[in-house]
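# Survey of secondary and tertiary structure
Residue-level listing of the chains:
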Amino acid sequence: MKALFTFLLIPICSIAFAQKLETLTIEKIMRDPKWIGVAPSNIRWSDDSKNVYFNWNPNNTDRDELFAITPTNTKPVKVSIADQRSFAPAGGWNKKHTLKLYEKNGDIFLFELKTGKIQQLTSTTEREGNPIFNGDETKVLFTRGDNLYSFKLNSGELVQLTNFTHPAAGAGTSPVAATPQFAGRRGGGGGQGAAGGARTSQVQTGNEQERWLKSQQLELFDIIKVKDKDRKLDSIEQKQFEQKKIKEISVGDQSVFGVALSPDGRYISYSLAKIATDAKRTNVPNYVTASGFTEDIPNRTKVGATQTTYESYIFDTQRDSVYKIATTAIPGIKDIPDYIKDYPKELALRTRLNADRKVTIRAPYWSEDGKYAVVVIGAQDNKDRWIMKLDPTTGNLSPLDREHNDAWVGGAGSFNFGWADNTHFYYESEASGYAHIYLVDVIDGTKKQLTNGKWEVQTLQLSADKKTFYFTANIEHPGITHFYHIPVTGGEPVKLTGMKGGNVVAMSPDEKWLAVNYSYANKPGELYIQANKPGATATQVTNSLTEEFKSYSWRDPQLITFKNRDGNDVYAHLFLPAKPDPAKPAVVFVHGAGYLQNVTYGWSDHYFREYMFNNMLADNGYTVLDIDYSGSAGYGRDWRTAIYRHMGGKDLTDQVDGVKMLVDKYGVNPKHVGMYGGSYGGFMTLMAMFTQPDVFAAGGAIRSVTDWAHYNHGYTDNILNEPFYDEKAYRISSPIYFADGLKGNLLMLHGMIDQNVNYQDIIRLTQKLIELHKDNWELASYPVEDHGFVQPSSWTDEYKRIYKLFEQTLKAK
């Protein structure tokens, strides 16, 4: 949009609540989060770089609304619904960033940035999508159903480029049935006997008879000769006028995706997915429904279920031929995962089979001039990622980079890649131990590492002129993120943001301005605007916090480090009580999500309720520790994968070592230590209570995984492989196998319609505890809650129970 159109002026003022927050209570901090104030979210720029849009709720209405500012007028104004209707959705731009293609309601539109003109290109009952410009930008390419089409901009000519078909099973002529041998067997019924042979001979005799009679007719009758000549001439003329048909590509019951045209218009690449239809899925019973009946919510598969498999192809329109992208030459394609050596029989079997590993191809990425194509390939077991050059004429691949990890390939920027110029492809890799930017020459294969150090590149963006990389990284400290730039050829990173804490940046399309969502450990995010220059002043735009929230002196927790038993630094937040309780109790909070960083100088959007609860605990005499344990994000490859094949191993001993530090340095009573956490934190709490009962006297386990064999595939397979291949990893990582070790007081809390960690998980553990005759545990169930609780009443109830548990068990004399 060129301008802001008509807006409603909204005063920038924090919401005034009558009450002052003097004493923290569960009821107060677990209310609807609007009592805190609603921080701006979904911050983005207009296409012309003139406006910043964001969702906000300064007046505590039922829903957030859309607001806008300009870089020079930072007073937020509300965008009317009428103006929002005229916005062009996100889409794909031409090279000069003057024209944008997008899909809306199943049709294709073209937006002209300079004039704001919108042109509708298609209007059909079928759904069109995925619009992009072709190589010379004279046509628009889009998909309709499975197939690829082109629309010529100057004439409106529409051309179908592919013809994928899905023949029904058994339809058409069987290739086997067309063979003479098979025909003979059908006729004789005896197969190899004399009858079958005789029938074949008779068919051949009949054919000879027909040919002889036709020849005789041509010899005897002139009229037959004339008609035969006319028929041949008609056939020649028909072929001369016949339009070439699109090659029919039969894909059977496979799904087609990723259909794309090369810049020169010759090659069409596509992938086929063989959907795993035999994988059994769980159902989640929903008891509180509008109908009054129990209703099942269809849910996910479990780890180890049959996975969808993929193949990628090239259709050479010039040769009218289709061929597969060949994966047999991928380096290490037959490698057997390292963990298999723990299972000699399986190792011997795989060695004997010598099978190729299954892979998924992200393909292809063409250079702007269309001379080179690169594919990014991931192993289905996620232990390799390859970047390879594709020869489109043959489908053959040649290696440019291989990133291997015996655990699993991942990290902050594993999906950041693209073309820096026509001969250099950029990507991120953890080859050095941390996620950094690399550049590879696709002609000679030489690689150059552009960034280096014990820090991670977390986001990556190439400038419009392809001369500069912009990225977010934690260079100064693992818990501080800033926005930087470097030349595309490499160099010293230049810091662009200056405020200590968390800086989440949206750069304007013209690259002149930065919209920054800045937060600090005890201050939720606010929108700031600054010029895209080192040392530029950031101007605060929003002021979202309520007077009630600001009336309490929220702790800026100490960000400390301590050494774990392996000699590594462990980062943690420490909440110290002003007046420690005489019992000297301590609570360890364990963040969830596994691969997540919670110990930072920024506000935690994931765990702001827990942050407030930790403040309340400290107010009541508890020392609270929040650890970025082994497996957390932000600390490099080795820390990320330290939990491979043993969750509840090093991640848990980090917690135990943290408790020892609290005892030794802060005088905590070792008999008065509790733990709580949700999701992965709930799992850790169970493992702590079952395997470290002399360290943790009480635990609140929220929405916990109790048996990893019952969790999803995508997450669990990376860390523990598959349960039928690596049973040892699942046995040592699943709390249900250690339930007999429970000594302290355990409180379990779980949503009954949890579609992530199913309620079945906690019920199975409950039955195990019953069979073990354990009586020092409780289960609180929440009928209307999914994995992430929503209702304030549910949040209040669960944390009242957790607090009561700690009060009764950790302050006992």
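Quick look at the structure, then. None of the values given here were measured: they were computed from a predicted structure.

Take the overall build of the protein next. The secondary structure content of the protein amounts to 15 helices and 45 strands. Its C-alpha atoms give the protein principal-axis dimensions of roughly 120 × 70 × 60 Å. Looking at the 813 residues of the protein, the share that counts as buried comes to 51%. Across the protein, the fraction of contacts at a sequence separation of at least 24, relative to all contacts at a separation of at least 6, is 57%. Measuring between centres, the 92 positive side-chain charges of the protein sit 1 Å from its 94 negative side-chain charges.

Relative to strand β31 (residues 468-477), strand β30 (residues 457-462) is paired through 5 bridges, and the arrangement is antiparallel. Bridge assignment links Thr 459 to a residue of β31, and that residue is Thr 472. Hairpin connection from β30 to β31: 5 residues lie between these consecutive antiparallel strands, with Lys 466 at a positive phi of about 60°.

Moving on: the sheet that holds strand β33 (residues 494-495). Strand pairing in a sheet takes place through backbone hydrogen bonds and is either antiparallel or parallel in direction. Pairing within the open sheet is antiparallel, and its 4 strands lie in the order β30-β31-β32-β33. At either margin of the open sheet sits one strand with a lone partner, and together these are β30 and β33.

What follows concerns empty space enclosed by the protein. Throughout the structure, instances matching the rule amount to 3 cavities of 30 Å³ or more. By volume, the largest cavity amounts to about 100 Å³. Residue lining of the largest cavity: 13 residues in total, with His 573, Asn 598, Ser 604, Tyr 611 and Asp 626 positioned closest to the centre. For the lining of the largest cavity, the leading source of residues is helix α8 (residues 608-619), giving 3 residues. Classifying every residue of the lining of the largest cavity gives 6 nonpolar, 5 polar and 2 charged.

Moving on to the packing of α8 against helix α15 (residues 792-810). One can describe the packing of α8 onto α15 by two numbers: an axis separation of 12 Å at closest approach and a directional angle of 35°. Seen along the crossing, α8 lies across α15 with a hand that is right-handed. Here Arg 609, Glu 610, Phe 613, Met 616 and Leu 617 of α8 come into contact with α15, specifically with Trp 795, Tyr 799, Ile 802, Tyr 803 and Phe 806. Of the residues belonging to the contact of α8 with α15, the class tally is 8 nonpolar, no polar and 2 charged.

With that out of the way, let us pick up the packing of aromatic side chains. All chains considered together, the criterion is met by 48 aromatic pairs. Each ring, one from Phe 549 and one from Trp 554, has its centre 4.9 Å from the other, and the planes form 20°; the classification is stacked. By relative accessible area, Trp 554 is classed as buried at 8%. Among the aromatic residues, those joined into a ring-pair cluster are Phe 589, Tyr 607, Phe 613, Tyr 676, Tyr 782, Phe 789, Trp 795, Tyr 799, Tyr 803 and Phe 806. For the cation-ring pair, Arg 144 lies above Tyr 149, with the distance from its terminal atom to the ring centre recorded as 4.8 Å. Above the face of the Phe 789 ring, Arg 703 is positioned so that its terminal group lies 5.6 Å from the ring centre.

Once that is clear, we can look at the environment of Ile 336. You can see Ile 336 is positioned in the loop between β21 (321-324) and α6 (344-353). Sequence spacing of Ile 336 and Ala 812 is 476 residues, and the spatial spacing of their C-alpha atoms is 54 Å. When sequence neighbours within four positions are dropped, the list of residues in contact with Ile 336 reads Leu 347, Arg 350 and Thr 351.

Counting residues in each nonpolar core, the largest one holds 76 residues, and the members touching the most others are Phe 690, Phe 696, Trp 708, Leu 746 and Leu 765. Beyond its immediate chain neighbours, meaning those up to four positions away, Phe 696 contacts Val 588, Gln 655, Val 656, Val 659, Val 673, Gly 674, Met 675, Ala 688 and Met 689. With 41 residues, the next largest nonpolar core counts Leu 545, Trp 554, Phe 613 and Ile 802 among its residues.

With that settled, the discussion passes to the packing of helix α10 (residues 650-666) against helix α11 (residues 680-691). At a closest axis distance of 10 Å, the pairing of α10 and α11 adopts a crossing angle of 70°. On the basis of the axis angle, α10 is roughly perpendicular to α11. Classified by chirality, the crossing of α11 by α10 is right-handed. Taking contact as the criterion, the partners of Asp 651, Leu 652 and Gln 655 in α10 are, on α11, Tyr 680, Phe 683, Met 684, Met 687, Ala 688 and Thr 691. Across the contact of α10 with α11, the residue classes tally to 6 nonpolar, 2 polar and 1 charged.

Our next topic: α11. Here α11 is 12 residues long and its end C-alpha atoms lie 16 Å apart, about the 16 Å a rise of 1.5 Å per residue gives. Of all 12 residues making up α11, 11 are buried, and the element is well covered by its neighbours. Looking at α11, one finds that the buried residues are Tyr 680, Gly 681, Gly 682, Phe 683, Met 684, Thr 685, Leu 686, Met 687, Ala 688, Met 689 and Phe 690.

With that out of the way, let us pick up α8. In this model α8 runs 17 Å from its N-terminal to its C-terminal C-alpha over 12 residues, within 8% of the 16 Å that 1.5 Å per residue would give. Counting buried positions along α8 gives 11 out of 12 residues, so the element sits mostly inside the fold. Positive backbone phi, approximately 95°, marks Gly 621, located one or two places after α8.

On to the layout of surface pockets, then. One number sums up the size of the largest pocket: a volume of about 1,800 Å³. Every residue lining the largest pocket is counted, 47 residues in all, and those nearest its centre are Trp 93, Asn 94, Lys 95, Glu 368 and Lys 466. Elements supplying a minimum of two residues to the lining of the largest pocket: β6 (92-93), β10 (128-133), β16 (255-261), β22 (359-366), β26 (417-419) and β30. Among the elements that make up the lining of the largest pocket, the one with the highest residue count is β22 (6 residues). Split into classes, the residues belonging to the lining of the largest pocket amount to 22 nonpolar, 14 polar and 11 charged.

Tallied over the entire structure, the rule returns 41 salt bridges. A salt bridge links Asp 401 to Lys 447, with the nearest nitrogen and oxygen atoms 3.0 Å apart. Of this pair, Asp 401 sits in strand β25 (residues 396-404) while Lys 447 sits in strand β29 (residues 447-449), and the two are 46 residues apart along the sequence. The partner of Glu 430 in a salt bridge is Arg 640, with the nearest N and O atoms 2.6 Å apart. In this pair, Glu 430 sits in the loop between β27 (424-429) and β28 (436-441) while Arg 640 sits in helix α9 (residues 637-640), placing the two residues 210 residues apart along the sequence. Owing to a relative accessible area of 1%, Arg 640 belongs among the buried residues under this scheme. Members of the salt-bridge network, linked through shared partners, are Asp 335, Arg 357, Asp 381, Asp 384 and Arg 402.

Reading guide: rules and limits
Residues numbered from 1 in each chain as written. Predicted model: local features only at pLDDT ≥ 70, side-chain atom pairs only at ≥ 80, totals over all residues. Heavy atoms only, no water. Helix = DSSP H or I, 4+ residues; strand = E, 2+ residues; numbered from the N terminus. Buried < 20%, exposed > 50% of the residue type's maximum accessible area, 1.4 Å probe, protein only. Contact = heavy atoms within 4.5 Å. Lys, Arg positive; Asp, Glu negative; His and termini not counted. Charge placed at Lys NZ, Arg CZ, Asp CG, Glu CD. Pairing = 2+ DSSP bridges. 1 Å grid on protein atoms, 1.4 Å probe; cavity = no way out; pocket = protein on both sides within 12 Å on 5 of 7 lines; lining within 4 Å. Points joined across faces, edges and corners; volume = space filled by probe spheres on them. Nonpolar A, V, L, I, M, F, W, Y, C, P; charged D, E, K, R; others polar. Axes fitted to C-alpha atoms, helices over the stretch in contact; angles between N-to-C directions. Left-handed = near helix turned anticlockwise from the far one by under 90°. Phe/Tyr/Trp six-rings, centres within 6.5 Å; stacked < 30°, edge-to-face > 60°. Lys NZ or Arg CZ within 6 Å of the ring centre and 35° of its normal. Core = buried A, V, L, I, M, F, W, Y, C linked by side-chain atoms within 4.5 Å. Parallel < 35°, antiparallel > 145°, perpendicular 65-115°, else oblique. Expected span 1.5 Å × (residues − 1). Salt bridge = Lys/Arg side-chain N within 4 Å of Asp/Glu carboxyl O.

Treat this as a map of the structure, not an account of what it does.
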